[in-house]
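As a plain string of letters, each chain reads:
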Amino acid sequence: MNVRSEGKYPALSAFGGADDGGVLAVHAHPDDETLSTGGLLATFAAAGRPVCVVTCTRGERGEVIALPGTTSEGRAGLEGDGPALGAYREGELAAALRQLGGGVDGAVEHAFLDTLPPAGLPTTGDTSASEASAEVRYEDSGMTWVAPGVAGPAPDSPPTAFARVPLDESAGRLAVLVRARRPAVVATYESGGGYGHPDHVRAHQVTVRALELAADPSWRPDGGGTSAGEGTPAPGVGPRDEPWAGAELWQAVVAAAELREARATLAALPEAMTLAAAHKLTFPPPEAPLPPLARENLNVWSAERQVIGSSSYRSPDLLPTTSIGRSRVVRVGVRGVVESVVAALQAHATQVRHATVLARSEGAFAGWYALSNGVLAPILTTETYLVSAPGGRPGRSPWRSRADGRCSGPGC
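Residues numbered from 1 in each chain as written. Predicted model: local features only at pLDDT ≥ 70, side-chain atom pairs only at ≥ 80, totals over all residues. Heavy atoms only, no water.

Draft legend 1. Examining the overall build of the protein chain more closely. When you go through the protein chain residue by residue, the secondary structure sums to eight helices and 16 strands. Buried positions account for 55% of the 412 residues belonging to the protein chain. Expressed as a percentage of contacts within the protein chain between residues at least 6 apart in sequence, the contacts between residues at least 24 apart total 72%. Only carbon and sulfur atoms are counted for the fraction: they give 53% of the accessible area of the protein chain, which is about 16,400 Å². (Helix = DSSP H or I, 4+ residues; strand = E, 2+ residues; numbered from the N terminus. Buried < 20%, exposed > 50% of the residue type's maximum accessible area, 1.4 Å probe, protein only. Contact = heavy atoms within 4.5 Å. Areas by Shrake-Rupley, 256 points an atom, 1.4 Å probe, with all protein chains shown as cover.)

Draft legend 2. Summary view of the confidence of the model for the protein chain. Mean pLDDT over the protein chain works out to 80, with 74% of the residues at or above the 70 mark. In this model residues 122-134 is a low-confidence stretch, pLDDT under 50, and it forms 21 contacts with partners more than four residues away in sequence or in other chains. When the criterion is pLDDT under 50, residues 392-412 qualifies, and its contacts beyond four places in sequence or with other chains add up to 46 contacts. (pLDDT = per-residue confidence, 0-100.)

Draft legend 3. Structural detail: the side chain of arginine 89. Note that arginine 89 resides in helix 2 (residues 82-100). Reaching out from arginine 89, the side chain makes a polar contact with the side chain of aspartate 31 at a distance of 3.4 Å. In this structure the side chain of arginine 89 is engaged in a polar contact, spanning 2.9 Å, whose partner is the backbone oxygen of glycine 59. (Polar contact = N/O pair within 3.5 Å; in protein donor to acceptor, adjacent residues only side chain to side chain.)

Draft legend 4. Region of the structure containing the packing of aromatic side chains. One pass over the structure, following the stated rule, counts two aromatic pairs. On the numbers, 5.2 Å between centres and 45° between planes, the contact of tryptophan 250 with tyrosine 385 is tilted. With tryptophan 250 in strand 7 (residues 248-255) and tyrosine 385 in strand 16 (residues 382-388), this residue pair connects regions lying 135 residues apart in the sequence. Like tryptophan 250, the residue tyrosine 385 is buried in the burial classification. (Phe/Tyr/Trp six-rings, centres within 6.5 Å; stacked < 30°, edge-to-face > 60°.)

Draft legend 5. Inspection of the environment of tryptophan 368 at higher detail. Residue position: tryptophan 368 is located in strand 14 (residues 365-370). For tryptophan 368, a relative accessible area of 5% gives the class buried. Sequence separation of tryptophan 368 and isoleucine 379 is 11 residues, and the distance between their C-alpha atoms is 5.0 Å. Dropping the residues within four chain positions of it, tryptophan 368 is found in contact with Leu266, Leu269, Glu271, Leu275, His354, Ala355, Thr356, Leu358, Leu376, Ala377, Pro378 and Ile379. A distance of 3.4 Å separates a polar side-chain atom of tryptophan 368 from the backbone oxygen of histidine 354.

Draft legend 6. The arrangement of unusual backbone geometry in detail. The backbone of aspartate 31 sits at a positive phi, close to 100°, despite the residue not being glycine. Among the structural elements, aspartate 31 can be located in the loop between strand 1 (23-27) and helix 1 (32-46). The backbone phi angle of histidine 354 is positive, close to 60°, even though this residue is not glycine. Overall, histidine 354 belongs to the buried group, its relative accessible area being 15%.

Draft legend 7. Spatial organisation of helix 8 (residues 338-347). The buried count for helix 8 comes to seven of 10 residues, which makes it a mostly enclosed element. Among the residues of helix 8, Val338, Val341, Val342, Ala343, Ala344, Leu345 and Ala347 are the ones counted as buried.

Draft legend 8. The nonpolar core, seen in detail. In this structure, Leu24, Leu113, Phe162, Leu174 and Val206 are the most contacted members of the largest nonpolar core, which totals 31 residues. In this structure, phenylalanine 162 is in contact with Cys56, Thr57, Leu113, Tyr138, Glu139, Ser141, Ser170, Asp199, Arg202, Ala203 and Val206, ignoring residues within four places of it in sequence. By size, the runner-up hydrophobic cluster in this structure holds 29 residues, among which are Leu100, Ala184, Trp250 and Val332. (Core = buried A, V, L, I, M, F, W, Y, C linked by side-chain atoms within 4.5 Å.)

Draft legend 9. Quick look at the pattern of salt bridges. According to the stated counting rule, one finds 14 salt bridges in the structure shown. Note that aspartate 31 and arginine 89 form a salt bridge whose closest N and O atoms lie 3.4 Å from each other. One end of the pair, aspartate 31, is in the loop between strand 1 and helix 1; the other, arginine 89, is in helix 2, with 58 residues separating them in the sequence. Judged by its relative accessible area of 6%, aspartate 31 falls in the buried class. Residue arginine 260 is joined to glutamate 296 by a salt bridge in which the shortest nitrogen-to-oxygen separation is 2.6 Å. Taken together, the positions of arginine 260 in helix 6 (residues 256-268) and glutamate 296 in the loop between strand 8 (294-295) and strand 9 (306-307) put the pair 36 residues apart, joining distant regions of the chain. Residue classification places glutamate 296 among the exposed positions, given a relative accessible area of 57%. What emerges from the salt-bridge pattern is a single network uniting Arg58, Glu90 and Asp114. (Salt bridge = Lys/Arg side-chain N within 4 Å of Asp/Glu carboxyl O.)

Draft legend 10. Representation of the side chain of glutamate 383. Among the secondary structure elements, glutamate 383 is positioned in strand 16. It is arginine 331 that comes nearest to the buried, bridge-free glutamate 383 among opposite-charge side chains, at 11 Å. For glutamate 383, the side chain forms a polar contact with the main-chain nitrogen of glycine 39, separated by 2.6 Å. The contacts of glutamate 383, once residues within four sequence positions are left out, are Ser36, Thr37, Gly38, Gly39, Leu40, Val330, Arg331, Val332 and Val334. (Lys, Arg positive; Asp, Glu negative; His and termini not counted.)

Draft legend 11. Quick peek at helix 4 (residues 167-181). For helix 4, spanning 15 residues, the distance from its first C-alpha to its last is 21 Å, which sits close to the expected 21 Å at 1.5 Å a residue. If you check which residues of helix 4 are buried, you get Leu167, Ser170, Ala171, Gly172, Arg173, Leu174, Ala175, Val176, Leu177, Val178, Arg179 and Ala180. One or two positions beyond helix 4, positive phi appears at arginine 182, with a value near 50°. (Expected span 1.5 Å × (residues − 1).)

This is the structure:
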């Protein structure tokens, strides 16, 4: 569907690519797609653009919020039962994606990373790829809260944890999908994983590496088996041997000053204080450290000066993107889709509670939610991304990964 972005969906001009380009979002667990990029996904879906979400694990080690009156009521027993919780969260994810897709089944395509065909196998049309894929299970690595809203590695991370999977094994699967879907935008966390969860950090690394592999014409996902045009690609895979360097890397961030201001606004709202008192919730202390996604050098949102859109886009209330180093900064306004985002958060009831749209937006603040740590967090009226340009020349990807799997490209 060819949709111009002026007017209702100005955010769509921000990627600067073809008007019919799609978005591919890569996330660690069910619920992350909504918490980190829900506005972006809902905006693309509402405009009829292709939207695909890849989830790296099923969140088997998540804490369970069994809040009365929600779909998680009576589900406390799922916590600690990895297979059961993972299966249940698959259902929550499907419901959330339907909300992000405007209530339309299939508007947001989805795949778990470990179900994608693995690289290194010939595309001969037999069942070897799917059978090998079925033998692999990327599991939640777990985490521990080290500060309000900031996570660290779990001391008992299992050997099968996603964060321990060899980088090229998981990145190769994603690279095949990138070549098949040929998105204009690939969105994920910044290098700190948003808030420090080891699976988020690994998802960033996998995404960076996958973009590098997908753009490299010398990379062959079949490990040198059949050549391009020979054999039959595995179902849903597409042109595995045709490089794709046309995707921009979008890393979710937030202006530090904006987050502090939104937190202060939330803590001062009478209805938020009443909710916190009734459910024993807390607010982030003013002196609390900010999560890794918060950046001190980003402009604060204002109604007069939103940073959004490509350098060629203009409208009375929007300004062009700004730059940080070799990355540019774009804002995706979510006011028009915030109800869909909150409905998607509510679908993740084992992980998210009290997701609420503010009756009237207060500046950059549009609502709130709380996770298992019981800390109320603001929902912002815009999502902010550091955008790295797509690869161009063969073998010269801007997303070059280091040998240790860490990103060394722009915006990292």
